[in-house]
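Coordinates in review
The primary structure of each chain is shown beneath.
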Amino acid sequence: MKLFYRVRPGEYRSCMEQIRDKFTMHEEIDEASTILMLEDESQIEKVIGTFDPNSDEMAHVRVILIDDSLREFFDSVLGVPYLVKQSRRMDY
């Protein structure tokens, strides 16, 4: 499941820190993007946040979940997603 959020610039950093700390994620910051990752991707594949204060009015956060039950936590931190894409799983 991919969740797409818009976050107010003043709340962006604290939201990303709250997610990082909750799941003890590794953080990489590069220019206007922040990437949070886990070594074990069984629950969360990646959290990617982008915000350029020079050109963006809102920060954007994309969450790629493996465990859909975690959506409630992300919604509580980031708000209601503006877009949700379901993953297609292939069972062989």
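The preceding data block contains the structure.
The structure presented is a predicted model; accordingly, all values stated were derived computationally and were not measured.

1. Considering the side chain of Thr34
Mapped onto the fold, Thr34 is located in strand β3 (residues 33–37). A relative accessible area of 5% places Thr34 in the buried class. A distance of 3.4 Å separates a polar atom in the side chain of Thr34 from a polar atom in the side chain of Tyr12. Sequence-distant contacts of Thr34, defined by excluding residues within four places in its chain, comprise Tyr12, Arg13, Met16, Glu27, Glu28, Ile29, Val47, Ile48 and Gly49.

2. Considering the packing of helix α1 (residues 9–23) against helix α2 (residues 71–78)
At their nearest, the axes of α1 and α2 sit 10 Å apart, and the two run at 150 degrees to each other. In terms of orientation, α1 lies roughly antiparallel with respect to α2. In the packing of α1 onto α2, the handedness of the crossing is right-handed. Contact residues: α1 offers Cys15, Gln18, Ile19, Lys22 and Phe23, while α2 offers Phe73, Phe74, Val77 and Leu78. Across the contact of α1 with α2, the residue classes break down as seven nonpolar, one polar and one charged.

Basis of the calculations
- Residues numbered from 1 in each chain as written.
- Predicted model: local features only at pLDDT ≥ 70, side-chain atom pairs only at ≥ 80, totals over all residues.
- Heavy atoms only, no water.
- Helix = DSSP H or I, 4+ residues; strand = E, 2+ residues; numbered from the N terminus.
- Buried < 20%, exposed > 50% of the residue type's maximum accessible area, 1.4 Å probe, protein only.
- Polar contact = N/O pair within 3.5 Å; in protein donor to acceptor, adjacent residues only side chain to side chain.
- Contact = heavy atoms within 4.5 Å.
- Axes fitted to C-alpha atoms, helices over the stretch in contact; angles between N-to-C directions.
- Parallel < 35°, antiparallel > 145°, perpendicular 65-115°, else oblique.
- Left-handed = near helix turned anticlockwise from the far one by under 90°.
- Nonpolar A, V, L, I, M, F, W, Y, C, P; charged D, E, K, R; others polar.

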